Amino acid sequence: MIGGLFIYNHKGEVLISRVYRDDIGRNAVDAFRVNVIHARQQVRSPVTNIARTSFFHVKRSNIWLAAVTKQNVNAAMVFEFLYKMCDVMTAYFGKISEENIKNNFVLIYELLDEILDFGYPQNSETGALKTFITQQGIKSQHQTKEEQSQITSQVTGQIGWRREGIKYRRNELFLDVLESVNLLMSPQGQVLSAHVSGRVVMKSYLSGMPECKFGMNDKIVIDKQGKAGASDEAGKSSGKQSIAIDDCTFHQCVRLSKFDSERSISFIPPDGEYELMRYRTTKDIILPFRVIPLVREVGRTKLEVKVVIKSNFKPSLLAQKIEVRIPTPLNTSGVQVICMKGKAKYKASENAIVWKIKRMAGMKESQISAEIELLPTNDKKKWARPPISMNFEVPFAPSGLKVRYLKVFESKLNYSDHDVIKWVRYIGRSGIYETRC
Amino acid sequence: ETNKLYCTSVKCCIFELKAELNSDKKEKKKEAVKKVIASMTVGKDVSALFPDVVNCMQTDNLELKKLVYLYLMNYAKSQPDMAIMAVNTFVKDCEDPNPLIRALAVRTMGCIRVDKITEYLCEPLRKCLKDEDPYVRKTAAVCVAKLHDINAQLVEDQGFLDTLKDLISDSNPMVVANAVAALSEISESHPNCNLLDLNPQSINKLLTALNECTEWGQIFILDCLANYTPRDDRESQSICERVTPRLSHANSAVVLSAVKVLMKFMEMLPKDLDYYGTLLKKLAPPLVTLLSAEPELQYVALRNINLIVQKRPEILKHEMKVFFVKYNDPIYVKLEKLDIMIRLASQANIAQVLAELKEYATEVDVDFVRKAVRAIGRCAIKVEQSAERCVSTLLDLIQTKVNYVVQEAIVVIKDIFRKYPNKYESVIATLCENLDSLDEPEARAAMIWIVGEYAERIDNADELLESFLEGFHDESTQVTTQQNTQVLHKHTQNTPDSDNPDLRDRGYIYWRLLSTDPVAAKEVVLAEKPLISEETDLIEPTLLEELICHIGSLASVYHKPPNAFVEGSRGVQHKRLPARTASGESAESPDAGQSVGGVSDAPPAVIPSQGDLLGDLLNLDLAPPSASVPVVPASMQMGVDLLGGGLDSLVGLHRPSGSQYLSGDIGGSPIAVGLAGGTGGMPAGLGGTPAMGGGLGDLFDLGGGVGMATGSYVPPKAVWLPAMKAKGLEISGTFARRGGGIHMDLSLTNNAMSIMTDFAIQFNRNSFGLAPAGPLQVLTPLAQNQTIDVSLPLNTNGPIMKMEPLNNLQVAVKNNIDVFYFSCQYPISLLFVEDGKMDRQVFLATWKDIPSENETQYQIKDFHLNSDAASTKLQGSNVFTVAKRTVDAQDLLYQSIKLTNGIWALAELRIQSITPNYMLALKCRAPEVSQYICQCYELLLRN
């Protein structure tokens, strides 16, 4: 299991050091600093073995978090734990920075004592932790016996992510379908790979212990219902809109065995914001933009670049925050750009022309042309021609996913599904959206 | 403000803190404890404040209490007597009405590794294990594992293991999960006792808890389940069915652990079963999903997918695209993806793969580009239809003239030539154009091979080869070997009619050599080359099976069995995949279900031999130089030094026991190798015989007057590292054996102008595996002109390499200034162990048994001690007198010595009363050590 956990600043100074196992000595702290943080070469692996001690590390801005062990631990668990640790700290004091860590070091030690016992991760849901570990210190003195046992039963209970007795005057929930669409396209316009990785993020402000059921246009479910209903019409109308989900994963509140057997998504949600599910689709993806590059080398000292972008969605919708990044060679000496729409600038420090367009409606087209002057070099190495990348945001889900329902049942309190105010929003963003040139 | 805490604490002296800790004001006290913890964090030694901090423990402020506990956990071990002061508070807290405090107390107590505290822990722990509150119970469950780590016997004696087993049936899923985790850990160090007792009923309980506990608990349970071997295929299937829902969990570790269980239990399913196909299909999507996790997890996932693809290629054969490299992937993800792409390449997807690989070959990272070029070559060899396209892609890359691309391409083209002889020789001309740019041995060797192989088709082959020969002496062996064979090779084909007299002469020589037996020569030189295999870097099947059982763990990341990087008993057991058992035949294998982890007492899995070989090579390159070598740039050396340890531990020495390895290593003779077995057998032989009545026994006079042990001899400290060689650091030291342990006593003197800090020490491999048992404890910085004495405990568990002389030890010492190397020699008496007294009978038998060629005689001159005094002196250093005999005015002492690695040495010391000379006869199965033992005799007797 995890033998120790260290947090360093960018210089390699220790901010937090907590040792859980006897086989980890103080020298481990230094070994990591010397061999990883101060290593001359770029880090070639997130797992490093130094003198029979294994170090797992992740970086958040310029803070290093390292878990140390001398045993054959579950490596995936260690990384998941480190991420979770970051989440917990963020939930408590915001951004993970040297300043924040130093200001909260007592709190961090307290958290580390609670969520890792002898190197075994324990309940690390912030919802539960915040009931008894607070930034103002622990409030145990004033707790009643009932409160105490409520805390412990929540921390160890089956529904460790939600406490009892939550009350809202207005029962409300927000669903955000956030998708990132990834594309790799050949210069000729052939899709080399495309997939959508989506997340359903829920903000729930519901009283009591509500049972929720979530439904979407999952092809498997729709097909099943179509058959059951035996009506051609239903099959047709919904079948057209259903999507094939390659795979999905769920927050630990979702009853996985039920999903496995009935493909229904039922759960008691945590209070506040959390990620209900993640999914991935590869079929019938709506690619919101198409990039058509044209690069011509004129002699050895000049490049001519023309890039056309086409929007491919309903004309009534507006894409926002569009940015096209056209890489330029390292020996670029000057760039002249002409674009029809938006603003374009050559950024020498980033070796790229950055073309920004605030808004663009569907089924439109725009173009940029640039002349790139090059310095003659003896460098034999050819320019790698990195792909042209794009960023954007569109108000729909490129996978085609639709939320069909989210039903809420709370038998003990007297509010029904109809009383809950529900909001659904779709946002599609570019993931790695690249066209080779 | 806390920022100030961190930095002022460096200057803030202990004195001020002490005052603040004893302040009456609560707030001030708390702030002071915070400062202490901050100092502790940055590595300052604040152990001097122990009593003052412990005084703050009795408080109703929980925050303060937790801080004090944190301090206690850190320093209790160094101040065991004072730590007792805390016991009362702990015991009281374990009875607190607040479950959070009860749990906190039992959790912290388990972390204090002081024997006396441990005694007091038992009663509270017993209560807490049965506490009404699940939070306390789940904490107590882990505490049993903690206690077991400190004192295993105590845990067994107190019956905690049974209580822990009962907790598996607890109503609370988290208690179950922690109990499973604790039991799994404990059972790793007791491979033979059936602690977890996995059977269909307990498995059912675990599967139920699986649905209800936290994500971490699910991991503990799944990892435990993976150790179970189902009775038959039906049970296997039903477990699989209940585990598959976990594949949709958001936590990647849950998913990977579920994959492990499924991959393992699948082995038992008949392949024609429908469910088998379903399961295969179910496995692909979650594996692909893992690739959208954060990069570090992607890396873990990819290393595991690499194993899964080798074991069951069918799972991911259609998923090639997801392994395409993204421009922004970290390099470690890119390299791993490339590996998997090559494994998945097939005729169906080769076009796409090649197009990708060509893109990669123009990227920036050199390692990645090289690997991509190599991958193109692998594709050619793997998919014959694509060979032509691969070759032309490689030619395109050669045209880029990027040096390392060209060299890499030539290396792989050589392999393509070997696989498809006489097919692509048209490209040779292009290759020859790039001759001058080849500066890497592997590329040069490849080119020479090509030139030699196709000599008859290259007009100027002689010249080309000649040009390589110019640098013959500078070349690495790889190249020269290739040159030799290829020059030879060419001349078996052409008679030496060259115009170049030099080459001609050489040719004649070969020719004459060859003409004595031309057929044989041709057979040797032009022999059929071994075929190139289609797959590269395949993991040897037994290891692969073992690694599949470790999916998700570090072993699967390193692709090494756990014992290659885990010390001690943990992970020594080899795991194996279960064999397929049909429902009907289950009764045949009664032990299948019982053995913990399906481990059974299987013979250890075969480890690929390259591992060790590689280890040796690495060691050759990385072994730190001895003292005489001038100082290399600091950072460089440091990297090599510290990494050196890491690398060879990664590669791993697989030796069953130190003694066997050493004796084999040192002796190289069959006698020495036999030693391990011999010593092993000895105790059995000596057990039975009681007092001796026979003639043999009479020869011996009971050596009663052995006298009291006076403690072993410690040579005076000698300067090992003079200050002028180490930038002002002077190290002198000696070795001592105290209380059964080995110590290296050092004096560090700072003769430099600046303060020295951050001391660390490491040993090179040595003959007896001496290694530091802990870090070098120089807690305070070493000021100018200050000398500090440190005692470094050593053990003999380190890596082993025969040194010359045998007792030589190469040491690296690091401080904030640099790394310094020196070598020193320890008296071999350091390794004489306390239980080295041999039974008389056994002594006699052994003495006879050791062949006389292993006997060495020494003379120790100028001694006036009588035999009793000598015996007493020697006994102090664990040289035991087994018997004494007096014949013709000379005393004969029969003595036995046992070394830490189990080697025995038997001695006969002849003490004459007339002459002041002693005669020593030594018999040992490893005669190499005799000389050093004799040196010790002299040393011990003279002091």
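Residues numbered from 1 in each chain as written. Chains lettered and ligands numbered in written order. Predicted model: local features only at pLDDT ≥ 70, side-chain atom pairs only at ≥ 80, totals over all residues. Heavy atoms only, no water.

Before going further, it helps to spend a moment on the overall build of chain A. Per the secondary structure count, chain A includes 9 helices and 23 strands. Counting across all 437 residues of chain A, residues that qualify as buried make up 55%. When contacts within chain A are restricted to residue pairs at least 6 apart in sequence, those whose partners lie at least 24 apart make up 71%. For chain A, the exposed surface amounts to about 19,300 Å²; the carbon and sulfur share of it is 49%. (Helix = DSSP H or I, 4+ residues; strand = E, 2+ residues; numbered from the N terminus. Buried < 20%, exposed > 50% of the residue type's maximum accessible area, 1.4 Å probe, protein only. Contact = heavy atoms within 4.5 Å. Areas by Shrake-Rupley, 256 points an atom, 1.4 Å probe, with all protein chains shown as cover.)

The next subject is the packing of aromatic side chains. Centre-to-centre distance and the angle between the planes together describe a pair of aromatic rings. All names here are of chain A. Going through the model one piece at a time under the given rule, you end up with 29 aromatic pairs over all chains. Consider the rings of phenylalanine 32 and phenylalanine 55, whose centres lie 5.5 Å apart with planes at 25°: the pair is stacked. Residue phenylalanine 32 is located in helix H1 (residues 27-37), and its partner phenylalanine 55 is located in strand S4 (residues 53-60); the two are separated by 23 residues in the primary sequence. Like phenylalanine 32, the residue phenylalanine 55 is buried in the burial classification. Each ring, one from phenylalanine 289 and one from phenylalanine 313, has its centre 5.9 Å from the other, and the planes form 80°; the classification is edge-to-face. Here phenylalanine 289 is found in strand S14 (residues 289-298), whereas its partner phenylalanine 313 is found in the loop between strand S15 (302-311) and strand S16 (318-327), with 24 residues between them in sequence. The burial state of phenylalanine 289 is the same as that of phenylalanine 313; both residues are buried. Chaining the aromatic ring pairs together yields one cluster made of Phe6, Tyr8, Phe32, Phe55 and Trp64. (Phe/Tyr/Trp six-rings, centres within 6.5 Å; stacked < 30°, edge-to-face > 60°.)

Moving on: helix H21 (residues 350-360) of chain B. All of the buried residues in H21(B) are Ile350(B), Val353(B), Leu354(B), Glu356(B), Leu357(B) and Tyr360(B). Down the axis of H21(B), the sector holding all buried residues measures 165°, keeping them to one side. Against strand S8 (172-185) and strand S9 (191-205) of chain A together with helix H20 (331-344), helix H22 (366-382) and helix H23 (387-399) of chain B lie the buried residues of H21(B). (Arc of directions from axis to C-beta.)

Chain A puts 102 residues into the contact, and the matching count from chain B is 120 residues. Both sides together, the interface formed by chain A and chain B hides about 9,400 Å², and carbon and sulfur atoms give 55% of it. Inspection of the region where chain A meets chain B yields 12 salt bridges. One salt bridge connects Asp22(A) with Arg113(B), and the closest N-O pair in it is separated by 3.2 Å. Inspection of the region where chain A meets chain B yields 43 residue pairs in polar contact (both at pLDDT 80 or more). With 8 residues, helix H2 (residues 75-93) of chain A is the single largest residue contributor to the side of chain A that touches chain B. (Buried area = accessible area lost by both parts, 1.4 Å probe. Salt bridge = Lys/Arg side-chain N within 4 Å of Asp/Glu carboxyl O. Polar contact = N/O pair within 3.5 Å; in protein donor to acceptor, adjacent residues only side chain to side chain.)

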